Amino acid sequence: QVQLVESGGGLVQAGGSLRLSCAASGRVFSINNMGWYRQAPGKQRELVATISRGGSTNYAESVKGRFTISRDNAKNTMFLQMNNLKPEDTADYYCNAVGFALNVWGQGTQVTVSS
């Protein structure tokens, strides 16, 4: 089993920055790709960004140029640096890890951007 714990959410003004972290524990060697997803009130969960074990990244169009995903495989931790935050970025952000017979979610961390 793999466990994921997110941290770093909070309240920030528009234009500000936050850095989310996702710490993985357990059978971490089974993790290939990791990603961040978000779910705003009344909306479906959506992809924010993904990163492979080798470091290849993929971003939603709405966050390109503002968010940066990264991971430290040695520390089993993934990050999401969020800059120039907008009110529409307000959501619960979830960490996800996938691999062989693996698809695990964290408990989520709340991000609120005030205008």
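As shown above, the structure is provided for reference.
Residues numbered from 1 in each chain as written. Predicted model: local features only at pLDDT ≥ 70, side-chain atom pairs only at ≥ 80, totals over all residues. Heavy atoms only, no water.

**Side note on the packing of aromatic side chains**
Taken as a whole and assessed by the stated rule, the structure comprises 1 aromatic pair. Aromatic pair Y37 and W105: ring centres 5.0 Å apart, planes at 65 degrees, arrangement edge-to-face. Within this pair, whereas Y37 is found in strand β4 (residues 31-39), its partner W105 is found in strand β10 (residues 102-105), the two being separated by 68 residues in sequence. The ring centre of Y94 lies 3.8 Å from the NZ or CZ of R45, which sits over that ring. The lysine or arginine in question, R45, covers the ring of W105, its NZ or CZ lying 4.6 Å from the ring centre. (Phe/Tyr/Trp six-rings, centres within 6.5 Å; stacked < 30°, edge-to-face > 60°. Helix = DSSP H or I, 4+ residues; strand = E, 2+ residues; numbered from the N terminus. Lys NZ or Arg CZ within 6 Å of the ring centre and 35° of its normal.)

**Some thoughts on the environment of V5**
With respect to the helices, strands and loops of the structure, V5 is situated in strand β1 (residues 2-7). Judged by its relative accessible area of 48%, V5 is partly exposed. Setting aside its immediate chain neighbours within four residues, V5 contacts S21, C22, A23 and Q107. (Buried < 20%, exposed > 50% of the residue type's maximum accessible area, 1.4 Å probe, protein only. Contact = heavy atoms within 4.5 Å.)

**Concerning the sheet that holds strand β8 (residues 77-82)**
Pairing is antiparallel in the open sheet, where 4 strands are placed in the order β1-β3-β8-β7. Two strands close off the open sheet at either side, each with one partner strand: β1 and β7 (67-72). Neighbouring strand axes in the sheet, compared pairwise and without regard to direction, differ in orientation by 15 degrees on average. The pairing of β7 with β8 spans 6 bridges and is classified as antiparallel. Pairing of R71 across the sheet is with M78, part of β8. (Pairing = 2+ DSSP bridges. Axes fitted to C-alpha atoms, helices over the stretch in contact; angles between N-to-C directions.)

**Section: the pairing of strand β5 (residues 46-51)**
Judged from the 5 bridges that link them, β4 and β5 form a sheet pairing that is antiparallel. When the sheet's bridge partners are listed, Y37 is paired in β5 with L47. As consecutive antiparallel partners, β4 and β5 are separated by 6 residues, and within that stretch G42 has a phi angle of approximately 80 degrees, a positive value. In this sheet, strand β6 (residues 57-59) lies alongside β5 in antiparallel orientation, the contact comprising 3 bridges. Within β6, the residue paired with A49 across the bridge is Y59.

**Considerations on the state of the cysteines**
For the coordinates displayed, the defined rule picks out 1 disulfide. One disulfide in the model links C22 with C95; its S-S distance is 1.9 Å. The chirality of the disulfide connecting C22 with C95 is left-handed, given an S-S dihedral of about -70 degrees. Taken together, the positions of C22 in strand β3 (residues 18-26) and C95 in strand β9 (residues 91-99) put the pair 73 residues apart, joining distant regions of the chain. The exposure class of C22 is buried, given its relative accessible area of 0%. For C95, a relative accessible area of 0% gives the class buried. (Disulfide = S-S within 2.5 Å.)

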